[in-house]
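Tertiary structure, described
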There are 2 protein chains.
Amino acid sequence: MVLNVADFGALPDGKDDTRAIKAALQACKEQGATQLVFPKGRYDFHPDFAEEFYFFISNNDEGLKRVAFPMRGIENLTIDGRGSEFIFHGFINPFIVDRSSGISFRNFSIDFDRSFHSEAIILGYDDEGMDVEIREGFPFTVHRGVLLFTDGQKDEGPLTTVSKANIYGSNHMLEYDTEKRETAYMVKDFYFKNINGYPAKLIEGRKVRIRVPGLEGTVGNTMAFGPNHRNYPGFVLSDSRDIEFSNVTIHHAGGMGILGQRTDNITVDNCTVVPSQGRMISATADATHFVNCTGSITLTNNVFENQKDDATNIHGIYVQVVEKTGSDSVIVQLKHAQQFGFDFMHPGSEVEIVRGKSMITFATATVKSVDRINKQNTEVTFTEALPDDLRIGDTLAEIRDYPEVLISGNTIRNNRARGMLLNCRGKTVVENNYFHVPGAAILFEGDAHFWFEQGGVRDCVIRNNIFDNCNFGIWGKAIIDVKAGILEDKEISRYNENIRVYGNTFRVFDEGLLLNAYCVDGLTWKDNKIIKTDAYPERETPKGPFQVMHSDNVKIERYTGNED
Amino acid sequence: MVLNVADFGALPDGKDDTRAIKAALQACKEQGATQLVFPKGRYDFHPDFAEEFYFFISNNDEGLKRVAFPMRGIENLTIDGRGSEFIFHGFINPFIVDRSSGISFRNFSIDFDRSFHSEAIILGYDDEGMDVEIREGFPFTVHRGVLLFTDGQKDEGPLTTVSKANIYGSNHMLEYDTEKRETAYMVKDFYFKNINGYPAKLIEGRKVRIRVPGLEGTVGNTMAFGPNHRNYPGFVLSDSRDIEFSNVTIHHAGGMGILGQRTDNITVDNCTVVPSQGRMISATADATHFVNCTGSITLTNNVFENQKDDATNIHGIYVQVVEKTGSDSVIVQLKHAQQFGFDFMHPGSEVEIVRGKSMITFATATVKSVDRINKQNTEVTFTEALPDDLRIGDTLAEIRDYPEVLISGNTIRNNRARGMLLNCRGKTVVENNYFHVPGAAILFEGDAHFWFEQGGVRDCVIRNNIFDNCNFGIWGKAIIDVKAGILEDKEISRYNENIRVYGNTFRVFDEGLLLNAYCVDGLTWKDNKIIKTDAYPERETPKGPFQVMHSDNVKIERYTGNED
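Residues numbered from 1 in each chain as written. Chains lettered and ligands numbered in written order. Predicted model: local features only at pLDDT ≥ 70, side-chain atom pairs only at ≥ 80, totals over all residues. Heavy atoms only, no water.

1. Details of the overall build of chain A
Condition: Under the DSSP-based scheme used, a helix requires at least four consecutive residues in state H or I and a strand at least two consecutive residues in state E, with every element numbered from the N terminus. Our radius of gyration looks at C-alpha atoms and nothing else; its globule reference is 2.2 Å times the residue count to the power 0.38. For every residue, the accessible area obtained with a 1.4 Å probe (protein chains only) is divided by the maximum for its type, and the residue is called buried under 20%, exposed over 50%, and partly exposed between those limits. Any two residues whose heavy atoms approach within 4.5 Å are treated as being in contact. Method for areas: the Shrake-Rupley scheme with a 1.4 Å probe, in which residue coverage is limited to the protein chains shown. The convention is simple: Lys and Arg are positive, Asp and Glu are negative, and His and the chain ends are not counted. Charge coordinates come from a single atom per side chain, which is NZ of Lys, CZ of Arg, CG of Asp or CD of Glu.
Summing up its helical and strand segments, chain A has 1 helix and 50 strands in all. The C-alpha radius of gyration computed for chain A amounts to 24 Å, which stays within 12% of the reference 24 Å derived for 564 residues, consistent with globular compactness. In terms of overall dimensions, chain A has a C-alpha envelope of 65 × 55 × 50 Å along the principal axes. The buried share of chain A, taken over its 564 residues, is 63%. Considering only contacts in chain A between residues 6 or more positions apart, those separated by 24 or more positions represent 74%. With the model as given, the accessible surface of chain A reaches about 19,600 Å², and the carbon-plus-sulfur share is 44%. Side chains of chain A carry 60 positive and 79 negative charges; the gap between the two charge centres is 2 Å.

Below, the structure written as structure tokens:
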């Protein structure tokens with residue numbers, strides 16, 4: 001059965017369609033509709049009357065969310081936009097898919113009328129601060145010495161001790177090359193601690209002096225002001241299965257574009273993450289990101305462009321043992337604030353037990369029962385006694401049906417940071433992609449002391465890709481880079497296994513590292529073409545294209561194929 | 001049955017007692033204990049392993065709360081501290097009492113080791129900013145041009161785009177007279193929009209230049225930096241009945257001291273709100289505050305001192321009609337952000353329907369059903385058709401068993417703003433109290449356009465109180481003041497009724513207003529003594545002690561009794 005949103009009052013007339021969509025989704029559920037279609041047009045979504053629930057979204061921000069498309073407990077439904085634009089206004093989450101299955105998203109774009117980041121043109125700087133001209137489309141105010149980005153609406157009533165103005169809070173800055181539409185060469189993020197706005201003075205019109213020592217940049221370049229939250233990712237997929245995206249465009253999101261957690265089988269094909277309205281930034285964080293997922297993750301024929309972080313990261317989560325409460329029980333703690341509430345242990349779950357500093361898995365166990373203390377701590381009892389040498393600071397992660405990953409035919413360019421973070425133990429193939437990213441194009445991460453992301457590939461093929469002048473920034477040591485957080489026992493820890501890199505083309509502007517690896521067992525490099533360019537100035541970098549340490553079974557066939 | 005916290009592992013040993021208290025409360029519930037006692041000592045509470053739930057707290061801030069004493073569904077229990085000190089650390093709510101009855105709190109004090117506000121001594125100022133020396137006990141950092149108050153702990157790891165430092169956010173400033181330990185004469189609040197910290201530069205040591213134009217103050221006075229939230233009120237009483245406080249001291253709270261909502265019968269006797277550790281401020285908002293309560297509210301023999309807002313406010317909440325959805329149904333909206341989630345309508349509830357601008361009640365109705373859309377909006381259907389002339393912007397409030405209020409024998413002094421906000425339709429008696437407050441000592445409020453607080457007394461006696469040099473600040477037009485938000489039809493609106501003021505002593509430092517009233521029906525003033533002092537400089541104020549407009553049945557017997 002096909003339902004049409006028009007029949008529920010959703011019309012491309014500029015009015016808020018949130019209530020109509022809620023009714024339409026309810027009808028789909030009740031009537032078992034397989035398609036919900038939108039007559040082509042622009043649809044608008046406001047938070048005022050949106051459904052609301054508290055949600056924990058890994059690597060984004062938890063909170064009491066207003067949701068335009070609250071898709072909970074829905075089975076076998078295609079949302080077909082028929083080429084429509086969905087425009088979101090203000091503090092609203094576009095899509096949350098929870099405990100659903102067989103969901104397809106097709107033929108629409110999403111955007112926010114006011115982006116969660118802001119942009120300005122650099123006019124100049126000195127020791128005391130920087131002058132910028134804030135671009136049209138990014139409303140702001142300078143109030144009592146503070147630059148605050150706003151929604152452009154007038155404040156309601158006077159300020160009081162309990163005022164809550166609608167501020168687009170920002171706490172970090174990053175310079176972009178205005179012409180090239182990418183992060184400026186070798187630029188660093190400029191971070192602040194938990195601020196909403198910046199010390200500043202209005203010069204005139206949209207010209208503002210940011211009164212912060214240490215700011216630098218090139219006149220004419222674009223300074224991006226990143227949001228101090230990831231509250232509004234585009235699509236959240238949680239505890240669901242069989243989710244597909246086809247011909248979906250994400251122009252903006254206040255967080256990641258697509259975030260999948262504890263979800264089985266996700267396909268993103270022929271989709272685009274790309275800025276709109278002349279903006280420099282699309283999603284304000286990763287284009288896609290998958291946490292403790294299973295089954296398969298397929299990213300094919302997509303364009304991931306100008307997102308303010310990586311194109312993808314596929315990983316699990318480690319919890320840290322903070323207390324032994326019995327021979328068979330411990331209290332474990334989620335450590336990274338954007339992992340809080342990420343419950344992945346249930347009776348019957350299998351976990352690996354990993355040394356916190358060496359990342360060596362030294363035991364496994366089966367969960368008997370869990371007692372959730374709060375979003376950060378859980379007491380877990382196992383079916384058998386834990387190893388005697390279990391230490392406070394060791395970590396646990398789920399052993400699961402690690403997803404088979406296919407990343408093929410994608411274009412990844414002009415984003416901040418890295419291309420693909422491959423931290424998945426399922427078979428992982430990265431082929432026929434084009435990368436032009438300022439950090440490592442491929443990064444193998446995983447650590448148990450800062451991000452607490454479970455990684456470690458077991459079977460990873462990287463072939464027939466073009467790495468076009470990557471790593472022109474600070475977010476990587478090599479174009480293909482290992483950054484696993486192994487602090488002890490590097491001599492014996494072998495966190496990543498069986499990586500084959502072949503048939504790729506590396507266009508490079510200097511003799512920086514192509515490959516940096518350590519604690520790898522099984523690494524093959526062959527038939528990769530290296531082409532020298534003059535795309536960027538050469539840097540003082542470690543010489544020699546390969547740096548491999550503490551690894552076994554490494555075969556590197558240097559410089560085969562054509563080298564221009 | 002009496003249970004002892006020591007038996008659950010709570011010991012005055014400096015270690016976190018949160019888990020022990022959770023276990024003890026659970027045991028009280030299961031075993032039907034009537035007392036939970038603490039051997040005298042200091043007990044410490046940390047948020048790490050505290051129970052957690054989302055809670056809406058009227059006139060404070062909603063959120064996912066960690067709670068040291070989560071008292072939900074408990075009946076007939078006395079918490080007897082036997083003179084103990086309860087010290088809370090960091091971001092934790094001391095007490096939340098929810099759907100409980102017959103709860104007594106006795107013989108203990110609560111405090112936070114780090115207060116949610118901060119204090120500094122004023123060193124000087126000019127057009128560009130102010131120099132202050134931040135007092136010991138209020139940790140801070142100046143990072144990249146921003147003064148941020150902190151918990152004094154070292155940051156964990158480097159800053160990233162998703163860092164969440166433990167900041168004690170602040171967004172308003174207020175000057176205090178260091179010697180008198182009260183708000184500086186005629187000082188104004190200095191508000192910012194949604195900031196966490198202030199533009200600033202470190203001078204040296206604890207000396208900081210706050211780079212904000214317009215700051216003024218007296219050298220040597222204390223500048224208080226108010227928190228930008230009310231997340232951590234001391235005691236929250238919600239949907240409960242028969243709650244008593246006796247010999248409880250509140251040294252600090254990150255919000256109100258005691259907040260009661262939808263609760264029946266509350267007694268606060270022989271309690272103290274008073275700063276500790278040389279701080280200028282106790283609770284960072286009202287000492288007590290009661291919303292949509294019923295039965296009785298009794299405040300007797302207490303000291304309410306140096307709280308950063310009123311001593312009490314007893315009121316209801318108006319929701320605004322934003323849409324008519326049928327002849328018998330409307331969508332109503334909570335308007336003030338700190339009222340969101342305040343659900344007070346249920347099938348069978350009676351409501352008054354009030355013109356938004358005149359505050360005239362023109363109809364009543366009975367609720368048939370409610371459909372909560374989100375924390376701000378609810379669709380309400382009534383048992384009968386609504387009046388034809390119901391308008392968007394009209395408001396609804398609950399008709400209930402308005403509490404009988406007794407406020408007797410209390411000392412209220414050195415707080416910010418007002419003494420008592422009397423907005424309750426039950427019999428209200430305020431007698432034998434001592435007031436030394438910088439605003440109105442007694443304020444009759446209520447409006448439907450800004451705070452949306454339902455007020456309007458019906459039977460209010462104010463007798464035998466001492467008003468000692470009140471209203472030396474900006475928070476009132478008169479010592480006994482009406483500030484109801486009546487924007488239309490003042491000629492016929494009579495929002496407050498039957499106020500009698502007699503037998504009181506007014507010590508006054510100038511000829512400012514003793515009484516300001518409008519839209520009152522029934523106002524008697526007699527046998528009040530006025531004594532002139534030289535406590536503060538005289539101001540340019542409206543002459544004559546009384547200003548009464550648009551009122552009926554007003555009897556003022558001027559200047560009877562002794563006038564020095």
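Next comes the rest of the description.
2. Section: the sheet that holds strand 33 (residues 395-399) of chain A
Residues and elements named next belong to chain A. The condition is simple: Only strands that DSSP links by at least two bridges are regarded as paired with each other. For every element, the axis is a line fit to its C-alpha atoms; helices are fit only across the contacting stretch, and the angle between N-to-C directions ranges from 0 to 180 degrees.
Taken in spatial order, the 6 strands line up as 28-29-32-31-30-33 and close into a barrel, and their pairing is antiparallel. Looking at each pair of strands side by side, their axes are set apart by 50° on average, direction ignored. Relative to strand 32 (residues 377-382), strand 29 (residues 329-333) runs antiparallel, the two being bridged by 5 bridges. Bridge pairing links Q333 to N377 in strand 32.

3. Description of the interface of chain A and chain B
The line we're drawing: We define buried area as the total accessible area lost by two parts upon association, computed with a 1.4 Å probe and summed across both. Only one rule defines a salt bridge in this text: a Lys or Arg side-chain nitrogen within 4 Å of an Asp or Glu carboxyl oxygen. Nitrogen and oxygen atoms within 3.5 Å of one another constitute a polar contact, given that in protein one can donate a hydrogen and the other can accept it, and given that sequence-neighbouring residues count only through two side-chain atoms.
Contact with chain A, which involves 62 residues of that partner, is made by 63 residues of chain B. Counting each side, the surface lost to burial between chain A and chain B is near 5,400 Å², with a carbon and sulfur contribution of 54%. Considering only the side of chain A, the residues that lose the most area to chain B are R144, T161 and K193 of chain A, jointly responsible for 15% of the buried surface there. The interface formed by chain A and chain B includes 5 salt bridges. Here E323 of chain A ties to R19 of chain B by a salt bridge, and the two come within 2.8 Å at their closest N and O atoms. Linking chain A with chain B are 16 residue pairs in polar contact (both at pLDDT 80 or more), by the criterion used here. Elements represented by at least two residues in the side of chain A that touches chain B include exactly strand 4 (51-55), strand 5 (63-72), strand 11 (140-143), strand 12 (146-149), strand 15 (190-191), strand 16 (198-204), strand 28 (319-326) and strand 29 of chain A.

4. Some details on the side chain of S349 of chain B
Relative to the helices and strands, S349 of chain B is located in the loop between strand 29 (329-333) and strand 30 (350-354). Other than its neighbours up to four places away in sequence, S349 of chain B contacts F344, A365, T366 and V367 of chain B.

5. With respect to the environment of T249 of chain B
Residues and elements named next belong to chain B. Position of T249 relative to the elements: it lies in strand 20 (residues 241-250). Each C-alpha atom, one on T249 and one on E511, is 37 Å from the other, the two residues being 262 residues apart in sequence. T249 has contacts with F108, S109, I110, T272 and V274, leaving out every residue within four places of it along the chain.

6. Considerations on helix 1 (residues 18-31) of chain A
Residue and element names in this part refer to chain A. Operational definition: To estimate how far a helix should extend, the number of its residues minus one is multiplied by 1.5 Å.
Between its terminal C-alpha atoms helix 1 stretches 20 Å, which fits the 20 Å expected from 14 residues at 1.5 Å a residue. Along helix 1, the residues classified as buried are T18, A20, I21, A24, L25, A27 and C28. Looking at the packing, one finds that the buried side of helix 1 touches strand 1 (2-4), strand 2 (35-37), strand 3 (42-45), strand 5 and strand 6 (75-88). G32 lies just past helix 1 and shows a positive phi near 65°.

7. Considering the relation of the copies chain A and chain B
Heads up, the condition is: All copies are superposed by least squares; the fitting set is the C-alpha atoms of residues with a pLDDT of at least 70 in both.
Mapping chain A onto chain B leaves a residual RMSD of 0.0 Å; the transformation is a rotation of 180° accompanied by 0.0 Å of translation along its axis. Interpreted geometrically, this transformation is the action of a two-fold axis. Among all residues of chain A, the minimum C-alpha distance to the rotation axis is found for P199 of chain A, at 2.5 Å. Residue by residue, 100% of the interface of chain A is reproduced at the interface of chain B, so both copies engage with the same surface.

8. Brief notes about the pattern of salt bridges
Tallying each qualifying case throughout the model produces 70 salt bridges over all chains. Between K193 of chain A and D155 of chain B there is a salt bridge; the shortest N-O distance is 2.6 Å. With K193 of chain A in the loop between strand 15 and strand 16 and D155 of chain B in the loop between strand 12 (146-149) and strand 13 (170-177), the pair connects residues from two separate chains. For K193 of chain A, a relative accessible area of 13% puts it in the buried group. A salt bridge links R463 of chain B to E431 of chain B; the nearest nitrogen and oxygen atoms lie 2.6 Å apart.

9. Topic: unusual backbone geometry
Residue and element names in this part refer to chain A. Residues other than glycine seldom take positive phi values, yet N306 does so here, at roughly 65°. When you line up the elements, N306 lands in the loop between strand 26 (303-305) and strand 27 (312-317). Exposure remark for N306: the relative accessible area of 2% places this residue in the buried category.

10. Notes on the confidence of the model for chain A
The criterion, for reference: pLDDT is a per-residue confidence score from the predictor, ranging from 0 to 100.
Of all residues in chain A, 99% attain a pLDDT of 70 or more, and the chain-wide mean is 96. Residue range residues 560-564 of chain A is modelled with pLDDT below 50. Its contacts to residues more than four positions away, or to other chains, number 10 contacts.

11. Details of the environment of G152 of chain A
Residues and elements named next belong to chain A. Note on placement: G152 falls in the loop between strand 12 and strand 13 (170-177). You can call G152 exposed: its relative accessible area is 52%. Residues G152 and R114, 38 residues apart in the sequence, show an inter-C-alpha distance of 9.1 Å.

12. Details of the sheet that holds strand 29 of chain B
Residues and elements named next belong to chain B. Reading around the barrel, the 6 strands line up as 28-29-32-31-30-33 and close back on themselves, with antiparallel pairing between neighbours. Going across the sheet, the axis of each strand differs from the next one's by a mean of 50°, ignoring polarity. Pairing geometry for strand 30 and strand 31 (residues 361-372), over 5 bridges, is antiparallel. Bridging from a neighbouring strand, I353 pairs with A363 of strand 31.

13. With respect to the packing of aromatic side chains
Defined as follows: The criterion for an aromatic pair is that two Phe, Tyr or Trp rings (for Trp, the six-membered ring) have centres within 6.5 Å, with stacked assigned to planes under 30 degrees apart, edge-to-face to planes over 60 apart and tilted to the rest. Ring-over charges, as used throughout, are those where CZ of Arg or NZ of Lys falls within 6 Å of the ring centre and within 35 degrees of the ring normal.
Applying the stated criterion across every chain yields a total of 83 aromatic pairs over all chains. Plain terms: the ring middles of F235 of chain A and F245 of chain A are 5.0 Å apart, the flat faces sit at 85° to each other, and that makes the pair edge-to-face. Taken as a pair, F235 of chain A in strand 19 (residues 235-238) and F245 of chain A in strand 20 (residues 241-250) lie far apart in primary sequence, 10 residues in all. Per residue, the accessibility class of F235 of chain A equals that of F245 of chain A, and both read buried. Judged by centre distance (6.2 Å) and plane angle (50°), the rings of F342 of chain A and F344 of chain A are tilted. Overall, F342 of chain A belongs to the buried group, its relative accessible area being 3%. Note on F344 of chain A: relative accessible area 4%, which makes it buried. The aromatic ring of F190 of chain B is capped on one face by R144 of chain A, whose charged end is 3.7 Å from the ring centroid. Its end group placed over the ring of F342 of chain A, R262 of chain A keeps NZ or CZ at 4.5 Å from the ring centre.

14. Observations concerning the environment of S238 of chain A
All names here are of chain A. Structurally, S238 is set in strand 19. Linking S238 and I96, residues 142 residues apart in sequence, is a C-alpha distance of 7.7 Å. Once residues within four sequence positions are removed from consideration, S238 is found in contact with F55, V97, D98, R99, Q261, R262 and T263. Looking at S238, its side chain comes within polar contact range of the side chain of D239, at 2.8 Å. In terms of polar contacts, S238 uses its side chain to reach the side chain of Q261, at 3.0 Å.

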